Amino acid sequence: MSEVTTAGPLAGITVLDLSRVLAGPWCSQTLGDLGADVIKIEQPGQGDDTRKWGPPFLDDGSRDAAYYLCANRNKRSVAINMADPAGADLIRQFAARADIVIENFRVGGLVKYGLDYDSLRAIKPDLIYLSITGFGQTGPLRNTGGYDFLVQGMSGLMSVTGLPDGESGGGPMKVGIPISDLTTGLYATISVLAALNHRHATGEGQRIDLALLDTQVALLANQASNWLNGGMVPRRMGNQHPTVVPYQDFTCTDGDVLVAIGNDRQFRQFMDILGLGGLADDPRFVVSSGRCLNRDALMDVMRPVIARWKAADLIAAMQGAGLPGGKVNEIPEVLEHPQIQARGLLHEMTRSDGTPVRVLGFPAQLSASPATYRHAPPRSGEDTAAVLAEKLGLGRDEIDSLLAAGVIAETL
């Protein structure tokens, strides 16, 4: 068995994080979980926008929002005014010592500070420079600001999310989490790791151009393929699956049950549980494609039968047969679920002022180099002096001079 290291697989990698809000910070947090040293640059007196995106807020001096806490652990916060030439120069010095730069400014927004890719590549040729925007560095929308909600709609995601048109409550619906931001952060992480391996093999750095819209369109997956390869225009179907039946929610006497029957064998077993074994031999329903084409007829028989069950009894019967079924948990329920507890997904961290912060951890369990939880989400600028001294070798007098000039700031 391999020896477990507590340093993390990315120990020794330095990330200069110029991003804010969610997509960029989600990427840098993931890299930090895997051991990278992440230096988060924030605007003095303001900090990351999400620090104010509450309530709820931490009940401490920072009054940081819970939103901010979800995406900023394993980072050190340095408050620098990049609009000041001296501040931009400090950031360039950090970049010269970094492996990765992450930014999510509008296209060309960092050129005036000398912090764009070409400027930083000139001083660090093997730099990996990740740019996240709404629509990418090219194309007719490159200068348009992009936000998760906007991208969920423009990408087509909302055209397949929500109740069908014509039903009460029907119409486009966004996903309940900022899915476009989060998945862009994950694709960003994948891309950075690929670029690191490329640099390891060739010594060559590169720029990564990643757009929220591109990411969300790529994630249309089977729905896009249905159109591209079958000419079928996907529509909103509520909780039903476009091609797998039954794969949806059903109403019982005392609540709803989720049923996810993925193949013909499972369908036969489920019909036996319901006392509808004959349906498994009905030519309309024997195979998955038939159930899809005859969905309404199958639902007309199944729904009234399931409606007579108690939810817990049906779930127990399905689980006893090894069939996938369950309930819709609320957030407190799932976070207290024995499975989540057993997997160790929840972690409690402590900020530098002693304030406890609870976070959801990195979900993959690496046997030899697991994720680590070294730094609670920092207060804005709390690491400014320490990081300037450690990374750039600045003395206390130099730091005090920068503070007095407003180039840098310490904890808000």
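Use the structure listed above.
First things first, this report covers the structure right here in the doc. Keep in mind that what you see is a predicted model, and the values were worked out from it rather than measured. (Residues numbered from 1 in each chain as written. Predicted model: local features only at pLDDT ≥ 70, side-chain atom pairs only at ≥ 80, totals over all residues. Heavy atoms only, no water.)

So, on to the sheet that holds strand E9 (residues 325-326). Within the open sheet, the three strands sit side by side as E7-E8-E9. Their pairing is antiparallel. Here the strands that pair on one side only, and so sit at the sheet edges, are strand E7 (247-252) and E9. Direction of pairing for E7 relative to strand E8 (residues 255-260): antiparallel, over a ladder of six bridges. Of the residues in E8, the one forming a bridge with Gln248 is Val259. Across the sheet, helix H12 (residues 311-320) is in contact with E7, E8 and E9; its angle to E8 comes to roughly 20°. (Pairing = 2+ DSSP bridges. Helix = DSSP H or I, 4+ residues; strand = E, 2+ residues; numbered from the N terminus. Contact = heavy atoms within 4.5 Å. Axes fitted to C-alpha atoms, helices over the stretch in contact; angles between N-to-C directions.)

Right, let's talk about the pattern of salt bridges for a bit. This model, assessed by the stated rule, comprises 24 salt bridges. The salt bridge partner of Asp60 is Arg351, with a shortest N-O separation of 3.4 Å. A residue pair is termed long-range when its members are at least 10 positions apart, and Asp60 in the loop between strand E2 (37-42) and helix H2 (66-69) and Arg351 in the loop between strand E10 (346-350) and strand E11 (356-360) qualify at 291 residues. Its salt-bridge partner being Asp400, residue Arg396 comes within 2.8 Å of it at the nearest N-O pair. Taken together, the positions of Arg396 and Asp400, both in helix H16 (residues 396-404) and four residues apart, correspond to about one turn of that helix. (Salt bridge = Lys/Arg side-chain N within 4 Å of Asp/Glu carboxyl O.)

Let us look at the state of the cysteines. For the structure shown, the criterion picks out zero disulfides. The thiol sulfur of Cys70 is not disulfide-bonded, and the nearest other cysteine sulfur, from Cys27, lies at 14 Å. A relative accessible area of 34% places Cys70 in the partly exposed class. (Disulfide = S-S within 2.5 Å. Buried < 20%, exposed > 50% of the residue type's maximum accessible area, 1.4 Å probe, protein only.)

A separate point is the environment of Arg63. For Arg63, the location among the structural elements is in the loop between E2 and H2. Distance in space between the C-alpha atoms of Arg63 and Lys52 is 8.0 Å, their sequence separation being 11 residues. Apart from the residues within four sequence positions on either side, Arg63 is in contact with Arg51, Phe57 and Leu58.

Strand order in this open sheet of seven strands is E6-E5-E4-E1-E2-E3-E12, and the pairing throughout is mixed. Every interior strand has two partners, whereas the edge strands, strand E6 (206-211) and strand E12 (408-409), have only one. Alignment of strand E1 (residues 14-17) against strand E4 (residues 100-103), held across three bridges, turns out to be parallel. When the bridges of E4 are listed, Val15 appears paired with Ile100. Together, E1, E2, strand E3 (75-80), E4 and strand E5 (128-133) form the strand contacts of helix H1 (residues 23-33), whose direction differs from that of E4 by roughly 150°. In the packing of helix H6 (residues 179-202) onto the sheet, the strands contacted are E4, E5 and E6, and the crossing angle to E6 comes to about 165°.

Residue position: Asn239 is located in the loop between helix H8 (221-230) and E7. In sequence terms Asn239 and Leu163 are 76 residues apart; their C-alpha atoms lie 7.7 Å from each other. Setting aside chain neighbours within four positions, we find Asn239 in contact with Tyr247, Gln248 and Asp249.

Now for the pairing of E2. Both faces of the sheet carry side chains from a regular strand, because those side chains alternate between them. Burial runs high along E2: six of the six residues are buried. Residue alternation in E2 divides its side chains into two sets, Asp37, Ile39 and Ile41 and Val38, Lys40 and Glu42, and both sets are buried. The pairing of E1 with E2 spans four bridges and is parallel. Considered in E2, the bridge of Asp17 is made with Lys40.

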